[in-house]
Amino acid sequence: MGFLNFIGLIVVLKFLVYFVLFFTSDTDLELWFYDKFKRNLDSFKGKVVWITGASSGIGEHIALNLSKYGTKLVLSARNKDKLYQVKNRCIDLSEGKLTANDILVLPMDVTHISKHNSLFDTVINHFGKLDILINNAGRSQRAIWEDIELGVDQELFDLNVFSVINLSRIVVRYFNQVGHGQLVATSSIAGIIPAPFSASYDATKHALHGYLGALRLEKLHTNIHITLLCPGPVFTNFLKESFTGRPGEKYGLTHSPTDNRMSAERCAHLSCVAIANKLKESWMAKFPFILILYFSIYCPVIAYKFYELIGYKTINKLRDNQ
């Protein structure tokens, strides 16, 4: 009985730890552990990291974060002027660790996949190597399911999926040659559990998990690592630039400072911890999103009953603070 009581105590203590973390942490349990005890961020020193979508939001702040550790950077997005602004901030934050030659501004529209090979060659010609590709470029969406025109689905898949997969295949072939490397993609909580009024966006992020999940299994027992970053709501211009149900239209909503969103700085820090430790999939969001995720994955019947109880409008309000 003494042994059984001891086991029971351990189970109760474990439950209490989980309970406290659920209500205080903005990450999943694995990422929480590495952020608290094993950040390993100095490992970025001297590595070459290519970031798409680096002119603003999460991508910009990942670049700023990495620059503090002497990481050589390739910054890509469509807006050349903003990329140079990010480059200058990175040099300042590096405190002498980086020079102008250590940060390559490489403007690109990721949907122009015919240019991916030449852009990759530019990176290799400049630095002589590539250690990590962070696929961060992408857009979200808000629209009623039946009102979405097929052209929106196609545009979202071109941007959020096919551009990522094409560039990643080029880079993975290179990683195969050199024997190591890391492929990172910014997915979303919506890539794990679908969110209402974002059907096309949800589908693109689920597709990324399918594509890169298969790649991860194929690269078992190799030195090629795949990391999926899954943030929840973050303070960026994401909603303002989101697709709607019609091609060419933007959602245009801006965030209030009081919204229950993670800061882009915090999201970037956690992303860097996940990348540095080669974590497979990392969740990051303010309460109650991580709790909802765990229930949705491990107790799906209970989670769906919860959704039925509170209704889809409450779910959407919780996500967008409308």
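As the structure is a computational prediction, the values presented were derived from the model and not from experiment.

Undergrad: Before we go on, may I ask you to explain the nonpolar core in this structure?
TA: Side chains of nonpolar character tend, in soluble globular proteins, to be buried together. Counting 39 residues, the largest nonpolar core has Trp50, Val74, Leu106, Phe120, Leu130, Leu183 and Leu212 as the members making the most contacts within it. Mapped by element, the contributors of at least two residues to this core are β1 (48-52), α5 (116-127), α6 (150-178), β5 (181-186), α7 (199-218) and β6 (224-231). Counting residues per element, this core draws most heavily on α6, at twelve residues. Apart from residues lying up to four places away in sequence, Leu130 is in contact with Val48, Val49, Trp50, Phe120, Val123, Ile124, Val171, Tyr174 and Phe175.

Undergrad: Is there a simple way to think about the sheet that holds strand β4 (residues 132-135) in this case?
TA: Across a sheet, strands are paired by hydrogen bonds formed along the backbone, either parallel or antiparallel in direction. The strand order across the open sheet formed by seven strands is β3-β2-β1-β4-β5-β6-β7, and the pairing between neighbours is parallel. Among the strands making up the open sheet, the edge pair consists of β3 (103-105) and β7 (281-284). Pairs of neighbouring strands in the sheet enclose a mean axial angle of 15 degrees, with direction left out of account. Where β1 and strand β2 (residues 72-76) come together, five bridges link them in parallel fashion. Across the sheet, the residue bridging to Val48 is Lys72, located in β2. Set on the sheet, helix α3 (residues 57-67) makes contact with β1, β2, β4 and β6; between it and β1 the angle comes to about 165 degrees. Along the sheet, α6 makes contact with β1, β4, β5 and β6, crossing β4 at roughly 170 degrees.

Undergrad: Would you mind showing me how to read the pairing of β4 here?
TA: Regular strands place side chains that alternate from one sheet face to the opposite one. On β4, burial covers both faces: Ile132 and Ile134 on one face and Leu133 and Asn135 on the other are all buried. Bridge count for β1 against β4 is three bridges, and the pairing is parallel. In the sheet register, Val49 faces β4, and the bridge partner there is Ile132. What joins β4 to β5 is α6, and the crossover it makes is right-handed.

Undergrad: Looking at this structure, I do not really get the packing of α5 against α6. What am I missing?
TA: Helix packing for two helices is described by the angle between their axes and how far apart those axes are. The contact between α5 and α6 brings their axes to 10 Å, and the two run at 45 degrees. If you check the angle between α5 and α6, you find them oblique. In this structure, the crossing between α5 and α6 has a hand that is right-handed. Counted together, His116, Asn117, Phe120 and Ile124 of α5 and Ser163, Asn166, Leu167, Ile170, Val171 and Tyr174 of α6 form the full contact between these two elements. Residue composition of the contact of α5 with α6, grouped by class: six nonpolar, four polar and no charged.

Undergrad: Which parts of the structure should I look at to understand the UniProt feature "transmembrane region" (unreviewed entry) in the chain?
TA: The sites that carry the UniProt feature "transmembrane region" (unreviewed entry) are, in the present numbering, residues 6-24 and 287-307. The distance from the first to the last C-alpha atom of residues 287-307 is 16 Å, and the span holds 86% helix and 0% strand.

Undergrad: What am I meant to see in the packing of helix α9 (residues 289-298) against helix α10 (residues 300-310) here?
TA: One can describe the packing of α9 onto α10 by two numbers: an axis separation of 5 Å at closest approach and a directional angle of 125 degrees. One element, α9, and the other, α10, form an angle in the oblique class. Between α9 and α10, the contacting residues are Ile292, Phe295, Ser296, Ile297 and Tyr298 on the first element and Pro300, Ile302, Ala303 and Tyr307 on the second. Grouping the amino acids of the contact of α9 with α10 by side-chain chemistry returns eight nonpolar, one polar and no charged.

Undergrad: Would you take a moment to explain the side chain of Lys87 for this structure?
TA: Take Lys87: it is sitting in helix α4 (residues 80-94). Nearest to the buried, unbridged Lys87 among oppositely charged side chains is Asp102, at 9.5 Å. A polar side-chain atom of Lys87 sits 3.1 Å from the main-chain carbonyl oxygen of Ala100. For Lys87, the residues in contact, after removing those within four places along its chain, are Leu75, Ala100, Ile103 and Val105.

Undergrad: Quick question: what am I supposed to make of unusual backbone geometry here?
TA: Trans is the prevailing form of peptide bonds, just as negative phi is the prevailing case for residues other than glycine. Along the chain, Phe287 connects to Pro288 via a cis peptide bond; the corresponding omega equals 10 degrees. Mapped onto the secondary structure, Pro288 falls in the loop between β7 and α9. In this model, Glu95 sits at a positive phi of 50 degrees, which is unusual for a non-glycine residue. Its place among the elements puts Glu95 in the loop between α4 and β3. The exposure class of Glu95 is exposed, given its relative accessible area of 68%. One non-glycine residue with positive phi stands out, namely Lys278, at about 55 degrees.

Undergrad: Whenever I open this one, α9 confuses me. Can you help?
TA: Because each turn of an α-helix spans 3.6 residues, side chains separated by three or four positions in sequence point in the same direction. Across the ten residues of α9, seven count as buried, placing the element largely inside the fold. Within α9, the full set of buried residues consists of Phe289, Ile290, Leu291, Ile292, Leu293, Tyr294 and Ser296.

Undergrad: Whenever I open this one, the pattern of salt bridges confuses me. Can you help?
TA: Where charged atoms from two side chains of opposite charge approach closely, those side chains can pair. One pass over the full model with this rule turns up eight salt bridges. Of the charged contacts in the structure, one is a salt bridge between Asp131 and Lys129, with a shortest N-O distance of 3.3 Å. The class for Asp131 is buried, based on a relative accessible area of 10%. One network of salt bridges, in which partners are shared, links Asp26, Asp35, Arg39 and Arg266.

What counts, and where the lines are drawn
Residues numbered from 1 in each chain as written. Predicted model: local features only at pLDDT ≥ 70, side-chain atom pairs only at ≥ 80, totals over all residues. Heavy atoms only, no water. Core = buried A, V, L, I, M, F, W, Y, C linked by side-chain atoms within 4.5 Å. Buried < 20%, exposed > 50% of the residue type's maximum accessible area, 1.4 Å probe, protein only. Helix = DSSP H or I, 4+ residues; strand = E, 2+ residues; numbered from the N terminus. Contact = heavy atoms within 4.5 Å. Pairing = 2+ DSSP bridges. Axes fitted to C-alpha atoms, helices over the stretch in contact; angles between N-to-C directions. Right-handed = clockwise from strand over helix to strand, strands pointing away. Parallel < 35°, antiparallel > 145°, perpendicular 65-115°, else oblique. Left-handed = near helix turned anticlockwise from the far one by under 90°. Nonpolar A, V, L, I, M, F, W, Y, C, P; charged D, E, K, R; others polar. UniProt positions renumbered as here; feature names shortened; annotations may be inferred. Lys, Arg positive; Asp, Glu negative; His and termini not counted. Salt bridge = Lys/Arg side-chain N within 4 Å of Asp/Glu carboxyl O. Polar contact = N/O pair within 3.5 Å; in protein donor to acceptor, adjacent residues only side chain to side chain.

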